[in-house]
Amino acid sequence: MPRIAFITEFDGTDFAGFQSQENARAVQDVIEKALEELYKTKIRLTGCSRTDAGVHAKCHLSHADVPFVIPEDKFPLAMNALLPDDVAVKKSFYVSDDFSARFDIKGKRYIYRIYSSPTRSPLLDRNAYYCPIKPDIAKMQKAALYFAGEHDFAAFCATGGSQKTTVRRLFGVKVYDKGDDPCQIEIEVSGEAFLYNMVRIIAGTLLYVGQGKIEPDEVKDIIANCDRSMAGKTLPAKGLTLEEVFLPD
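Residues numbered from 1 in each chain as written. Predicted model: local features only at pLDDT ≥ 70, side-chain atom pairs only at ≥ 80, totals over all residues. Heavy atoms only, no water.

Student: Explain the nonpolar core residue by residue, including any values.
Tutor: One finds Ile31, Leu61, Phe75, Phe147, Phe156, Ile187 and Leu206 to be the most contacted residues of the largest nonpolar core, which totals 75 residues. Sorting elements by how many residues they give to this core places helix α5 (residues 198–210) first, with eight residues. (Core = buried A, V, L, I, M, F, W, Y, C linked by side-chain atoms within 4.5 Å. Buried < 20%, exposed > 50% of the residue type's maximum accessible area, 1.4 Å probe, protein only. Helix = DSSP H or I, 4+ residues; strand = E, 2+ residues; numbered from the N terminus.)

Student: Mind laying out the layout of surface pockets, listing which residues take part and the relevant values?
Tutor: Of the volumes computed, that of the largest pocket is approximately 1,200 Å³. As for the largest pocket, its lining consists of 39 residues, and the residues nearest its centre are Cys48, Ser49, Arg50, Lys108 and Phe194. Those elements giving two or more residues to the lining of the largest pocket turn out to be β2 (45–47), β5 (107–116) and α5. Per-class residue counts for the lining of the largest pocket are 15 nonpolar, 14 polar and ten charged. Space inside the second largest pocket adds up to approximately 160 Å³. As for the second largest pocket, its lining consists of 14 residues, of which Glu9, Phe10, Asp11, Ala57 and Lys58 are closest to the centre. The set of elements that each furnish at least two residues to the lining of the second largest pocket consists of β1 (3–10), β3 (56–65), β4 (87–95) and β10 (240–246). Grouping the constituent residues of the lining of the second largest pocket by class yields four nonpolar, three polar and seven charged. (1 Å grid on protein atoms, 1.4 Å probe; cavity = no way out; pocket = protein on both sides within 12 Å on 5 of 7 lines; lining within 4 Å. Points joined across faces, edges and corners; volume = space filled by probe spheres on them. Nonpolar A, V, L, I, M, F, W, Y, C, P; charged D, E, K, R; others polar.)

Student: Could you give an account of the packing of aromatic side chains, naming the residues involved and the relevant values?
Tutor: Going through the model one piece at a time under the given rule, you end up with eight aromatic pairs. With centroids separated by 5.2 Å and ring planes inclined at 90°, the aromatic side chains of Tyr110 and Phe194 adopt a geometry described as edge-to-face. In this pair, Tyr110 is assigned in strand β5 and Phe194 in the loop between β9 (183–191) and α5, connecting sequence segments 84 residues apart. With relative accessibility at 17%, the residue Phe194 sits in the buried group. Aromatic ring contacts, followed pair by pair, group Phe147, Phe153 and Phe156 into a single cluster. (Phe/Tyr/Trp six-rings, centres within 6.5 Å; stacked < 30°, edge-to-face > 60°.)

Student: With reference to specific residues and values, describe the environment of Phe10.
Tutor: Take Phe10: it is sitting in strand β1. Residue Phe10 is classed as buried on the basis of its relative accessible area of 4%. Here the alpha-carbon distance between Phe10 and Ala26, two residues 16 residues apart in the chain, equals 11 Å. With residues near it in sequence (within four places) discarded, Phe10 still touches Phe18, Val27, Thr51, Val55, His56, Ala57, His60, Asp86 and Val87. (Contact = heavy atoms within 4.5 Å.)

Student: Outline unusual backbone geometry, supporting the account with residue identities and numerical values.
Tutor: Positive phi is not limited to glycine here, since Asn23 has a value of about 60°. Mapped onto the secondary structure, Asn23 falls in the loop between β1 and α1 (27–39). Backbone geometry at Thr51 places phi at a positive 55°, although glycine is not the residue there. Counting through the fold element by element, Thr51 comes out in the loop between β2 and β3.

Student: Summarise the state of the cysteines; cite the residues concerned and give the values.
Tutor: Counted according to the given criterion, the structure contains zero disulfides. Note on Cys59: no disulfide assigned, nearest cysteine sulfur contributed by Cys48 at a separation of 7.6 Å. By relative accessible area, Cys59 is classed as buried at 14%. Not part of a disulfide, Cys183 finds its nearest cysteine sulfur in Cys131, a span of 8.4 Å. (Disulfide = S-S within 2.5 Å.)

Student: Break down the pairing of β9 for me, citing the residues and quoting the values.
Tutor: Within β9, eight of the nine residues are buried, leaving the element largely enclosed by the surrounding structure. The pairing of β5 with β9 spans nine bridges and is antiparallel. Following the sheet pairing, Tyr115 is matched in β9 by Gln184. Relative to β9, strand β8 (residues 167–177) runs antiparallel, the two sharing seven bridges. (Pairing = 2+ DSSP bridges.)

Student: Please provide a residue-by-residue account of the pattern of salt bridges, values included.
Tutor: Following the criterion strictly, the structure yields 15 salt bridges and no others. The shortest N-O distance in the salt bridge between Asp65 and Arg3 comes to 2.7 Å. Separated by 62 residues along the polypeptide, Asp65 in strand β3 and Arg3 in strand β1 bring together distant segments of the chain. Between Asp11 and Arg126 there is a salt bridge, and its shortest N-O distance comes to 3.0 Å. Taken together, the residues Asp11 in the loop between β1 and α1 and Arg126 in the loop between α3 (122–125) and β6 (129–130) connect sequence positions 115 residues apart. Note on Arg126: relative accessible area 40%, which makes it partly exposed. Because the salt bridges share partners, they merge into one network encompassing Asp11, Asp14 and Arg126. (Salt bridge = Lys/Arg side-chain N within 4 Å of Asp/Glu carboxyl O.)

Given below as structure tokens:
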């Protein structure tokens, strides 16, 4: 059977995450239903990331074994005619039968979005976290430098994860000032793999730095001490988007 891989974009607001689960709407179930309608047979989907409830994706990679070939440029159109408005296939390509969307990717890039203004913005509120008082972005940028490299990130892991080790390697963390009216901030986190709620806790810690609750230099000690209570809060899922998946060459 041919194996097809494809990039999906979705608004996670009304989903309980990517992974299939009972009694909840999951992205995987929605896509598998569309695949079944398209190919007239049951098809199992493998995704690159579970994503928590409420997390969005601009570039989520999946693969599936299908009974026949649909041209790569036609597959997104055929799928999108069967998918709901909050999910869309953006691109597809055929891969070898040993390729895995879960195990063969080289890393991921996430962005956590924050906006700040005297009043909330209904247009931004669905995909960003609202902070009434503008944080000190320069301090956040300074603190972000400490995250790069391989560390034990136990201080940035929520309870409930199933990981065997809390050691992870991050390629980098950057904080971008996207301009005022309202002030919009993007926290970009890229790495090989991530712990449960890791990016949202990193974002919460950097926000605390910007609010003066944590000094930038303290982030180094928070990482070294592996103490969750020293880090910032876990920010809501709605501000987080999976922006990019790093594929093999």
